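Residue strings, one per chain:
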Protein chains: 2
Amino acid sequence: MNPPVSETTELQGPVVIIGAGLIGASVGCALTAAGIDVRLSDRNPAHAQVAAGRGAGSVDPVDPDEVAVVVAAVPPAALVGVIMAALAQYPNAYVTDVGSVKHRILIRLREQGADLSRYVGSHPMAGSHLSGPISANEDLFADRTWIVAPHEGSTPGAVDTVTALARTCRARVVRMGTADHDRAVAEVSHLPQVVSSVLASGLTGVAPAHLAIAGQGLRDTTRIAGSDPGLWQQILLGNREEVAQEVRRFRARLDDMLEGLEAGYVEPQLAAGVAGTLAIPGKHGGRHEEYARFIVQIPDEQGALARLFVDADRAGVSIEDISIEHDPVKQVGWLSLAVVPEGAERLEKTMTEAGWEIQPPD
Amino acid sequence: MNPPVSETTELQGPVVIIGAGLIGASVGCALTAAGIDVRLSDRNPAHAQVAAGRGAGSVDPVDPDEVAVVVAAVPPAALVGVIMAALAQYPNAYVTDVGSVKHRILIRLREQGADLSRYVGSHPMAGSHLSGPISANEDLFADRTWIVAPHEGSTPGAVDTVTALARTCRARVVRMGTADHDRAVAEVSHLPQVVSSVLASGLTGVAPAHLAIAGQGLRDTTRIAGSDPGLWQQILLGNREEVAQEVRRFRARLDDMLEGLEAGYVEPQLAAGVAGTLAIPGKHGGRHEEYARFIVQIPDEQGALARLFVDADRAGVSIEDISIEHDPVKQVGWLSLAVVPEGAERLEKTMTEAGWEIQPPD
């Protein structure tokens, strides 16, 4: 499913980027920083100018025959037209796109009857709450996953070149077929978004006095429900068959849980949830480890965190994870520290001696 | 709904605690530390002895007529019997329990035909992944919510005394009727647990290559699904009518989302989710604020966090939230810092000058 990724192909310019939004302009910045000749275009010429001003490339014209790569970085609705036009206009270029859905686009391109040997879709899994060329950043893709999605008709040269493009943006390349890609993002990204949004949407009907006793669990499960509705509507609808299938599967499992509640036996359903969390790769690609957690009170005052970590450091115990919980009433926060179980006692002793207030976890 | 809580009643002993598990023994430790005379009992005398050894009180006998308060800290299935026996055995004592469901217990107590004027249920919202008297801790309830649930027949003296008990354990007391309590925990705690477990339970069927591209959203939404299935079965079944109702409401909203997917329009459902997240009280009881976030690379080496916070402190910007994201491939972590937007630029400048690698957020 993930054949070895070629390390050898070096990206050559000129690269034409069509669509100078956050993603397109950031690709431009990353390639320009790597010494690649980038030419920017946008339906709105001012966007291309802003992107050029951010170091994303130039807006000078280029000989179409000389263009080596074209990146279509336009909204989903415009993608097919832009890819088709690019294949025609730049006869010697490999063409890719950066959309978050890959298989449906491929099907629609095939319906156009074009030769798609020079096209390979891709999906950089990076973004920002910011948008537009003004927020462009050459580091946007650094160490992020960038999926390259070959298809039956794509040439090895096209696949290697799009891979080299993603690598030049310092992304971590994962190869995946187009249908596989759309299934994967439905499973690990789109379904969690739908579930979180549906869970959160019920909270407007909950009494404030009830919400006041909410803990970290509710906050964690609804955090991504705060995402931009307009953007997520496009993402979900672009992959609607896969998403709807995942939602229906989720609903079947929910019905099973409801039956369990009525029958007075839900431990198997809850245990299946535990097994699911253990299937998610943890730190450094491994499985979740069991860490000891304890909680230190941090006064809401300047420098408290710095002092805390200096003291914690004296224990010589590696801190594997941290999170802050804010007390809704007292003007203090609680810092939760996760360490390997062997180091927990030493850290607790060191922190207590240094005068920090330790509280057992909940 | 939350009448003013009396500040005046002082807790008097002796207090009898029935059930020397984590919660009962921790109540004993907190009361003993406050100078209250505590007597411990447990069906298993060894548990009471261990709790006494942890400073939770004594196992010496006490004159039943002199006992001022009884705390029933036994598993849900045993609660009604223990409360009834305590009301009979200690004729001058107020009686409370610490179970996570309040209304169904009250109904069952009423069915026994007893005088419940001396009984007021309560629910300390604290716990631990640890259990048993060996883990008892006088700080377990400090700054945690402890719900006191009066009923029609309870006397003001009973309510004030149970309130004083919770305060003596340094908890933050919230008063709520029994039915109100069970609804509230179903809404903000039990439904999120069910949803998270059902979401996570699907992951065992997801290909490892697909799970490898999972981001923080999946981890956040499934974190509480890792909770103990046996304990959560007891909690959910103890409140099954309320939980089932919340699950059915959730399912109706999920069906609405599914219809939206099929109809090609889900923005209203997604926007309702955003509104829901904004209804959750944020830091210090207020609403969520919009913080600027940026991400600093932390090398996986001793002392990195301490150095990082010392440097960050120089910017003089208050850090509102922090979290760690681990890169699944490179041996580094990323620290996400949230600060007020006005301070973001200064912090970024300070950190960049100090040589830290900053990355834009996703």
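Starting afresh in each chain, residues are numbered from 1 along the sequence in its written order. Note on labels: chains are lettered from A, ligands numbered from 1, in written order. Given that this is a predicted model, residues contribute local features only at a pLDDT of at least 70 and side-chain atom pairs are listed and counted only at 80 or more, while totals for whole chains, interfaces and linings are drawn from all residues. In computing side-chain properties, one takes all heavy atoms of the structure into account and sets aside hydrogens as well as water.

A separate point is the sheet that holds strand β5 (residues 121-124) of chain A. In sheet architecture, strand pairing relies on hydrogen bonds along the backbone and comes in two forms, parallel and antiparallel. Residues and elements named next belong to chain A. Following DSSP output, two strands are said to pair if at least two bridges run between them. Where helices and strands are cited, they refer to DSSP runs of H or I of at least four residues and of E of at least two residues respectively, numbered from the N terminus. Pairing in this open sheet of 3 strands is mixed, and the strands run β5-β6-β7 from one edge to the other. Lying at the two open borders of the sheet, with one neighbouring strand each, are β5 and β7 (172-175). Averaged over all pairs of adjacent strands, the angle between their axes in this sheet comes to 20°, without regard to strand direction. Of the pairings in the sheet, the one linking β5 to strand β6 (residues 145-149) comprises 4 bridges and is antiparallel in character. Bridging across to β6, Gly-121 finds its partner in Ala-149. Fitting a line to C-alpha atoms yields each axis, with helices limited to the stretch in contact; the angle taken between N-to-C directions then spans 0 to 180 degrees.

This next bit is on the environment of Val-198 of chain B. Relative to the elements of secondary structure, Val-198 of chain B occurs in helix α6 (residues 178-201). Each residue gets one of three labels from its accessible area relative to the maximum for its type: buried under 20%, exposed over 50%, partly exposed in between, using a 1.4 Å probe on protein chains only. The class for Val-198 of chain B is buried, based on a relative accessible area of 3%. Once the C-alpha coordinates of Val-198 of chain B and Ala-225 of chain B are considered, the two residues, 27 residues apart in sequence, prove to be 8.1 Å apart. With near-sequence residues (within four places) excluded, Val-198 of chain B lies in contact with Phe-250, Arg-253, Leu-254 and Met-257 of chain A. Should any heavy atoms of two residues lie within 4.5 Å, those residues are counted as being in contact.

Before going further, it helps to examine the relation of the copies chain B and chain A. Superposition of chain B onto chain A requires a rotation of 180° combined with a translation of 0.1 Å along the rotation axis, giving an RMSD of 0.2 Å. Taken together, the turn and the small shift mark the pair as related by a two-fold rotation axis. No C-alpha of chain B approaches the rotation axis more nearly than that of Thr-221 of chain B, which lies at 2.1 Å. In this assembly the copies share their binding face: 100% of the residues contributing to the interface of chain B also contribute to that of chain A. Overlaid copies result from least-squares superposition on C-alpha atoms, with residues included only where pLDDT is at least 70 in both.

Below, the discussion takes up the side chain of Asp-97 of chain B. All names here are of chain B. By the secondary structure assignment, Asp-97 is in strand β4 (residues 94-97). We classify Asp-97 as buried; its relative accessible area is 0%. Within polar-contact distance, the side chain of Asp-97 engages the side chain of Lys-102 at 3.0 Å. Apart from residues lying up to four places away in sequence, Asp-97 is in contact with Ala-72, Leu-79, Ile-83, Lys-102, Tyr-119, Val-120, Gly-121 and Ser-122. Within 3.5 Å is the distance limit for a polar contact, defined as a pair of N or O atoms, with the added protein rule that one can donate a hydrogen and the other accept it, and that residues adjacent in sequence qualify only through two side-chain atoms.

Residue and element names in this part refer to chain A. Values of pLDDT, which run from 0 to 100, indicate the predictor's confidence residue by residue. Taken over all residues, the pLDDT of chain A has a mean of 87, while the share at 70 or more is 90%. Counting interchain partners and residues more than four positions distant, the pLDDT-below-50 stretch residues 283-289 has 19 contacts. Segment residues 327-331 is flagged for pLDDT under 50; beyond a separation of four residues in sequence, or across chains, it makes 13 contacts in the model. Per the prediction output, this complex has pTM 0.74; the corresponding ipTM is 0.76.

Residues and elements named next belong to chain A. By disulfide we mean two sulfur atoms from cysteines, separated by a distance within 2.5 Å. As enumerated under the stated definition, the model contains 0 disulfides over all chains in all. Unpaired in this structure, Cys-29 has its nearest cysteine sulfur neighbour in Cys-169, at a distance of 9.9 Å. Owing to a relative accessible area of 4%, Cys-29 belongs among the buried residues under this scheme.

Attention now moves to the pairing of strand β7 (residues 172-175) of chain B. Residue and element names in this part refer to chain B. As defined by bridge partners, strand β6 (residues 145-149) adjoins β7 across 4 bridges and the pair is classed as parallel. Across the sheet, residue Trp-146 finds its bridge partner in β7, namely Val-173. A clockwise path from the first strand over the helix to the second, with the strands pointing away from the viewer, defines a right-handed crossover. On the question of chirality, the crossover connecting β6 to the parallel β7 by way of helix α5 (residues 156-168) is right-handed.

All right, on to the pattern of salt bridges then. What counts as a salt bridge is simple: a side-chain nitrogen of Lys or Arg found within 4 Å of a carboxyl oxygen of Asp or Glu. Per the stated rule, a full pass over the model turns up 23 salt bridges over all chains. Put simply, Arg-248 of chain A and Glu-262 of chain B hold a salt bridge, and the shortest N to O gap is 3.2 Å. Here Arg-248 of chain A is found in helix α10 (residues 240-263), whereas its partner Glu-262 of chain B is found in helix α10 (residues 240-263) on a different chain. Through salt bridges with shared partners, a single network forms among Arg-183, Glu-242, Glu-246 and Arg-249 of chain B.

Before going further, it helps to spend a moment on the packing of helix α3 (residues 79-89) of chain A against helix α4 (residues 103-111) of chain A. Residues and elements named next belong to chain A. Two numbers describe how α3 lies on α4: the axes approach to 10 Å, and their chain directions differ by 55°. By the angle between their directions, the pair α3 and α4 is classed as oblique. Considering how the two elements wind past one another, α3 and α4 form a crossing that is right-handed. Each of Leu-79, Val-80, Ile-83 and Met-84 in α3 lies in contact with α4, whose residues at this interface are Ile-105, Arg-108 and Leu-109. Here the word oblique covers every angle except those under 35 degrees (roughly parallel), over 145 (roughly antiparallel) and from 65 to 115 (roughly perpendicular). It is the rotation of the near helix from the far one that decides the hand of a crossing: anticlockwise by less than a right angle makes it left-handed, clockwise makes it right-handed.

Listed per partner, the contact involves 128 residues of chain B and 128 residues of chain A. Defined in terms of a 1.4 Å probe, buried area is the accessible area two parts forfeit on being brought together, summed over both. Between chain B and chain A the total buried area reaches about 11300 Å² when both faces are included, carbon and sulfur atoms providing 65% of it. At the boundary of chain B with chain A, the tally comes to 6 salt bridges. Between chain B and chain A we count 26 residue pairs in polar contact (both at pLDDT 80 or more) in total. Among the residues forming the side of chain B that touches chain A, the class breakdown is 66 nonpolar, 36 polar and 26 charged. Under the grouping applied here, Gly and all other residues not named as nonpolar or charged are polar, the nonpolar ones being Ala, Val, Leu, Ile, Met, Phe, Trp, Tyr, Cys and Pro and the charged ones Asp, Glu, Lys and Arg.

With that settled, the discussion passes to the sheet that holds strand β2 (residues 38-41) of chain B. All names here are of chain B. Pairing is parallel across the open sheet formed by 4 strands, whose spatial order is β2-β1-β3-β4. The open sheet has two free edges, formed respectively by β2 and β4, since each of these has just one partner strand. Averaged over all pairs of adjacent strands, the angle between their axes in this sheet comes to 20°, without regard to strand direction. Judged from the 4 bridges that link them, strand β3 (residues 69-72) and β4 form a sheet pairing that is parallel. Opposite Val-70, over in β4, you have Val-95 as the bridge partner. Against the sheet, α5 contacts β3 and β4, and its axis sits at roughly 55° relative to β4.

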